[in-house]
Amino acid sequence: MKDLKYKLILASNSPRRKELLAGLGVPFEVRVLQDIDEHYPENLPVNEVARYIAKEKADAYRRIVAADELIITADTVVIVGDEILGKPVDEADAVRMLKLLSGRTHQVMTGVCLLTAEKERCFDVTTDVTFKALTDEEIHYYVNRYRPFDKAGAYGIQEWIGYIGVTGLNGSYYNVMGLPVQRIYQELTIHY
């Protein structure tokens, strides 16, 4: 990658996002503000939610971004039908989500904002993921063993459930993990 004129700041504590951004081979630091509101208007179309939340996160950094910094904010949602599956609140909610995803194709959408003191670029990336019909035993094993309570849709594609359950993927695998690094690389090389 060409030399960037900005210091990259990842506005996320997600271990997966840190790992994915590190894979681009560019230095970055992590800076996370607390208590950023991640709510969205109820009437917002589901395919606009991830970008909306990523932009809200970017707006929280606007007053503190230095002239030589580029802040990356992101939000990932899982969409099945017209329902957004966020992070499960407990074990029963995780089981409910996985049963909803079982035997179906759903969308994983990540909204990303790249913010500097001068400009902001926001975009989203969507990946279609298809699961086989999961058995109750498989769902309960995964939820009890992997505790996917910090993951949208109650699953990590890079974990056991992805190994045994995902039968199809159309789009970016890394987007499903939480950060569409190919698109971020493209944006950085073209616009920054």
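Preceding this section is the structure that the text describes.
Computed from a predicted model, the values in this text were never measured in an experiment. (Residues numbered from 1 in each chain as written. Predicted model: local features only at pLDDT ≥ 70, side-chain atom pairs only at ≥ 80, totals over all residues. Heavy atoms only, no water.)

Describing the layout of surface pockets
The rolling of a water-molecule-sized probe over the atoms marks out the regions of remaining empty space.
Line of reasoning, step 1. Approximately 860 Å³ is the volume attributed to the largest pocket.
Line of reasoning, step 2. Forming the walls of the largest pocket are 38 residues, and the residues nearest its centre are Arg17, Glu38, Lys57, Asp75 and Lys87.
Line of reasoning, step 3. Grouping the amino acids of the lining of the largest pocket by side-chain chemistry returns 18 nonpolar, 11 polar and nine charged. (1 Å grid on protein atoms, 1.4 Å probe; cavity = no way out; pocket = protein on both sides within 12 Å on 5 of 7 lines; lining within 4 Å. Points joined across faces, edges and corners; volume = space filled by probe spheres on them. Nonpolar A, V, L, I, M, F, W, Y, C, P; charged D, E, K, R; others polar.)

A word on the pattern of salt bridges
Line of reasoning, step 1. For the structure shown, the criterion picks out 20 salt bridges.
Line of reasoning, step 2. Note that Asp59 and Arg62 form a salt bridge whose closest N and O atoms lie 2.7 Å from each other.
Line of reasoning, step 3. Of the residues examined, Asp59 reaches a relative accessible area of 32% and is grouped as partly exposed.
Line of reasoning, step 4. In this structure, Arg96 engages Asp93 in a salt bridge whose closest nitrogen and oxygen atoms are separated by 3.0 Å. Remark: Asp93 and Arg96 occur in helix 3 (residues 91-101); sequence separation between them is three residues, near one turn of the helix.
Line of reasoning, step 5. Arg96 sits in the partly exposed class, given a relative accessible area of 36%.
Line of reasoning, step 6. Several salt bridges converge on common partners, so that one network encompasses Arg16, Asp150, Lys151 and Glu159. (Salt bridge = Lys/Arg side-chain N within 4 Å of Asp/Glu carboxyl O. Buried < 20%, exposed > 50% of the residue type's maximum accessible area, 1.4 Å probe, protein only. Helix = DSSP H or I, 4+ residues; strand = E, 2+ residues; numbered from the N terminus.)

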